[in-house]
Each structure stands twice: as structure tokens, then as C-alpha cells.
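This is what each chain is made of:
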Amino acid sequence: MATTSTKSPPRIEEQDHFESALIFKNRVEESDIEEMTQFHDDLFPVKYEKPFFDKLIAHQHQGSRTSKIAGTIMTILSRRKSDNKLVGMASVRLKECEDTWHWLFGYTDAYVMTFGVHREYRRKGLARELMRRVVIEMKIRGCIDLTLHVQESNEGAIAFYRAQGFRIASREIEYYS
């Protein structure tokens, strides 16, 4: 298991070509849960139950897009326009600011809870576009530290995150067991 982190979220160039084929949605509805659960089960080693997905809905901030409330969860879903199939998903939780200076100046930290792209859409730029959107949303909220976990054996994911400007900050033994 490896933890990757970056002190300033990476800059990613805009990729407008996705707009014609995909829909990006920054809100999770109850009707999304079943498909999100299946998508997650297909892609990730950790199996989450319905309460995890219910939390994605319950902890969405209802007010300002610039909310910095710790515990707020922001989820971006990417759906294919032709049939509305879920092809990408990222969920990020704002964390309590552990650094006094960050807190004083209104900065926050965030943790990428889930990040995945359907196999059919890999190596086509969708993951980069999804990460670009995550970074923009977190910058709006004053986020200066974005962290995530990835299995050490997942070399493709590690290479992707490094290409996006992340670095390995620590290793946690048996995190996924």
C-alpha cells in the first residue's frame, strides 16, 4: 500500500473534447447509488456497503460551492451521453485542517476516497479530465493538500498519479487487508 500526496494540487490542461460525449455531474442522487455500488465493486479491491454510498449523499454540502466544512464530500460522476452509463467516478472528503497556519489563512486539506474510470475509458484521457475537475473543485475550496491511498501493486494507478503531480508520502502496511 502506498499513500500519495501533493502539497499543491497539480495543474492539468483543459480537455474540452469530453464535453461532446460525456456528462459530468457534481451531485449524487439516490437513483445513482445502485450503479455506483456496482461500478465500485467492479473496479476497487475494497467493497463498500450501501451506508458508504448513502454518506456520499448525506454529506454533500447543500450551500455554497466554496464550502470548506470538514466532512463535506464532493463527488463527480462521469456518464456517457449516449446511454447514461457511469464511466468515471471521484469522491473527495474535506478533512479537518491539522496545520494551524492553514486553518488561520482559510486553507483546507482533502482526501480522495474513490477515484476510478471504467476499463473501456482508460488511457483515453478521462482519468486526467476527472482529476482536473477534482483539483479545480478543491482549489475553489482552498485545498492545498490532496491525499489518497493506492495499492502498491497497482503500478498503473501509481504511474497515473505521479504523472498528475502526486508523490509517495508514506507507506501503510496492510491498509487494504
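What you see is a predicted model; the values in this text were computed from it and never measured.

Each value, and the rule that gives it
- Residues numbered from 1 in each chain as written.
- Predicted model: local features only at pLDDT ≥ 70, side-chain atom pairs only at ≥ 80, totals over all residues.
- Heavy atoms only, no water.
- Helix = DSSP H or I, 4+ residues; strand = E, 2+ residues; numbered from the N terminus.
- Buried < 20%, exposed > 50% of the residue type's maximum accessible area, 1.4 Å probe, protein only.
- Contact = heavy atoms within 4.5 Å.
- Areas by Shrake-Rupley, 256 points an atom, 1.4 Å probe, with all protein chains shown as cover.
- pLDDT = per-residue confidence, 0-100.

1. Section: the overall build of the protein chain
Helix and strand counts for the protein chain come out as five helices and seven strands. Helices and strands in the protein chain line up, N terminus first, as β-β-α-α-β-β-α-β-α-β-α-β. Residue burial in the protein chain is summarised as follows: out of 177 residues, 47% are buried. Residue pairs at least 24 apart in sequence account for 71% of intrachain contacts in the protein chain once pairs closer than 6 positions are excluded. Within the structure as shown, the protein chain displays about 9700 Å² of accessible surface, and the carbon and sulfur contribution to it stands at 50%.

2. A few points about the confidence of the model for the protein chain
Looking at the protein chain as a whole, the pLDDT averages 77, with 74% of positions reaching at least 70. Element-level pLDDT for the protein chain is lowest in strand E1 (residues 2-6), with a mean of 49, against a maximum mean of 91 in helix H5 (residues 155-163). Throughout residues 4-16 the model reports pLDDT below 50, and contacts reaching past four residues in sequence, or to other chains, amount to 41 contacts.

3. Observations regarding the environment of Glu172
Here Glu172 shows up in the segment after strand E7 (167-170). Note: C-alpha distance between Glu172 and Glu152 (20 residues apart in sequence) is 9.6 Å.

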